[in-house]
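# Remarks on the overall topology
So the chains spell out like this:
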Amino acid sequence: MNSPAKQPVAGAPRDTELKDPTVPIWLIVVLFLLLFWGAVYFDDHGGWFEKQVYTPYVSADQLKDFQVGGGPNPFEQGRVIYSKTCFACHGANGMGQPGNVPPLVGSDWVNEPQPGRMIRIVLNGLQGTGLTIHGQPFNTGTAMVPWKSFSDEDIAAVITFVRGNPDFKNHAPPVTPEQVKAIRDKIEGTHPGSFSPAEIEAVNPAD
Amino acid sequence: MRYGPLVFLAAFFALAVSWFGMVYTPQIQLGGAVQETNSVISSDLYPSERPGLARQGLEVYRENGCFYCHSQQVSQKGTLVDLFLTDAGKTNMAVANALNEEHVGTGTFSGPGIAAGLPKAIARNLSMERAQSLAAILKNNGAKSEMHLVPIGADIERGWGVRRTVAEDFIADATVMPGSQRVGPDLANIGARSPDLNWQLVHLYNPKLVTADSPMPPYPFLFEEKKIGSHPSPDALRPVGKFAPRAGYEIVPKPEARALANYLVSLRADTPLYEAPLTPPPPPKAATNAPAATNAPAAK
């Protein structure tokens, strides 16, 4: 028994229903291409949620390329490192602690034209008796620990800061990372431990 | 309510996602920002805390809805590089030839001429890649160069700032006022543009005293019209013409007006930062841009 509704109406188009209800394959391909393009664009321009990357910079690497505005100032870098690390023993004013931690203010070893001794002390530390500065004995009850984990740049910066700091009454020339690296390589194998004051005294500062 | 749990879950999910995206993630990303991380040039912390009066001024700024018409964010389209020659090395001829081969600048360089008047700009508005390759060429020829970064963009051309504004600029403020509309000019650097407190006060009392066709509404309620006592107040404004007070009266800023002016003067975001590098312009040689000595607006 046929219902009259199933009968095609005369004059109406026959194919009003979709033959194939699935999404055409070309549309899927186009959508995937768009998605891929979006991902590539995001990768190129998004900065990957790095908090310091803002337009017009697109990545942390590119931002690094633009760090040329006069460059970092080693003296000021050194001030920051000193105020985080060295001041705990040597004091914010560089005066140290009497009988315990030698002062950096006006010290002979600090103010030498060649920084060989100071670089060695910072790299490997200083420990032992027999240290006399400004006529005051220092038994270094608190040994100076080695700071060789710091980079050449950081050590050069902090030594530059201490040596050139007018507040410390020091006026010695700055130190380059290359000088630090040269001494670091030299003492790497030959003298791995802390220096004693006598050993530092025996060092040729230019070497 | 057949779909009650489903509706609840959907709403919860939608709110949770937006909370993650708009509150939690930015907090992870920027919440740890501290002042000291970012000083490239000097050891001074940036941004410094605003002085007390300026902090109160922030509240006045908020109360009066200044943020409806003023933004505090400078945009930046790009960063170009000016290449400065600082040392021509020993073989000037080689340096000049290398630069001529690269077609740098408009003219040609001559061996003896290149070492004159250093440091000098040999090329401006370069892309970073081009500047780096030129710097490498100069280095190979024994010369030294320096790159000067020049941020560009519409806001910077208008004089609204020297670099883009970044999150770091706002971390000293408890309520940040980045604004969203620009009926008036951007105020991110108003303290650098108009550092004169009296100018700010006069402008707040009636902007038309400063700019005849300013669309900014006047804020006379931040000021008091006082009868002049035995001595005129030292900080009274002296508006002229139709803005002048009645005879025997003077216009004295209320504490709110003073706070707001101090806040505006404290607004400046022109320190070079790691995330917004720029080469600051050289300090002015002579004090030619001293603020006006009088607190009266210029007669028109």
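The structure we're discussing is the one just above.
Summary of the structure given here. Given the structure is predicted, the values throughout are model-derived calculations rather than measurements.

## Remarks on helix α5 (residues 116-124) of chain A
Residues and elements named next belong to chain A.
- The buried fraction of α5 is high, at eight of nine residues.
- Those residues of α5 not exposed but buried are Arg117, Met118, Ile119, Arg120, Ile121, Val122, Leu123 and Asn124.
- Its buried side turned inward, α5 meets α4 (108-111), α6 (152-163), α7 (177-190) and α8 (197-202).
- Just downstream of α5, Gly125 is the residue with a positive phi angle, here 85 degrees.

## Brief notes about the nonpolar core
Residue and element names in this part refer to chain B.
- Grouped together as the largest cluster of nonpolar side chains are 58 residues, with contacts concentrated most on Leu83, Tyr205, Leu260, Tyr263 and Leu264.
- If one sorts the elements of this core by residue count, helix α9 (residues 255-266) sits on top with seven residues.
- Counting contributing residues per domain, this core is built from domain 1 (43-75 + 158-266) and domain 2 (78-152), each supplying no fewer than three.
- If sequence neighbours within four positions are ignored, Tyr263 has contacts with Ala54, Gly57, Leu58 and Tyr61.

## Thoughts on the sheet that holds strand β1 (residues 78-87) of chain B
All names here are of chain B.
- The three strands are arranged β2-β1-β3 in an open sheet whose pairing can be described as antiparallel. Each end of this open sheet is capped by a strand with a single partner; those strands are β2 (120-126) and β3 (144-152). Averaged over all pairs of adjacent strands, the angle between their axes in this sheet comes to 20 degrees, without regard to strand direction.
- Where helix α5 (residues 128-140) meets the sheet, it contacts β1, β2 and β3, and its direction lies at approximately 15 degrees from that of β1.

## Focus: the interface of chain A and chain B
- Contacts between the two partners involve 17 residues from chain A and, on the opposite side, 22 residues from chain B.
- Per-element tally for the side of chain A that touches chain B: the top contributor is helix α3 (residues 74-90) of chain A, with three residues.
- Of the residues in the side of chain A that touches chain B, the class split is nine nonpolar, four polar and four charged.

So, how was this worked out
- Residues numbered from 1 in each chain as written.
- Chains lettered and ligands numbered in written order.
- Predicted model: local features only at pLDDT ≥ 70, side-chain atom pairs only at ≥ 80, totals over all residues.
- Buried ≥ 20, exposed ≤ 12 C-beta atoms within 10 Å, placed from the backbone.
- Helix = DSSP H or I, 4+ residues; strand = E, 2+ residues; numbered from the N terminus.
- Contact = placed C-beta atoms within 7 Å.
- Core = buried A, V, L, I, M, F, W, Y, C linked by C-beta atoms within 7 Å.
- Domains from an automatic or database assignment.
- Pairing = 2+ DSSP bridges.
- Axes fitted to C-alpha atoms, helices over the stretch in contact; angles between N-to-C directions.
- Nonpolar A, V, L, I, M, F, W, Y, C, P; charged D, E, K, R; others polar.

Everything listed here is a matter of geometry and, on its own, says nothing about what the molecule does.
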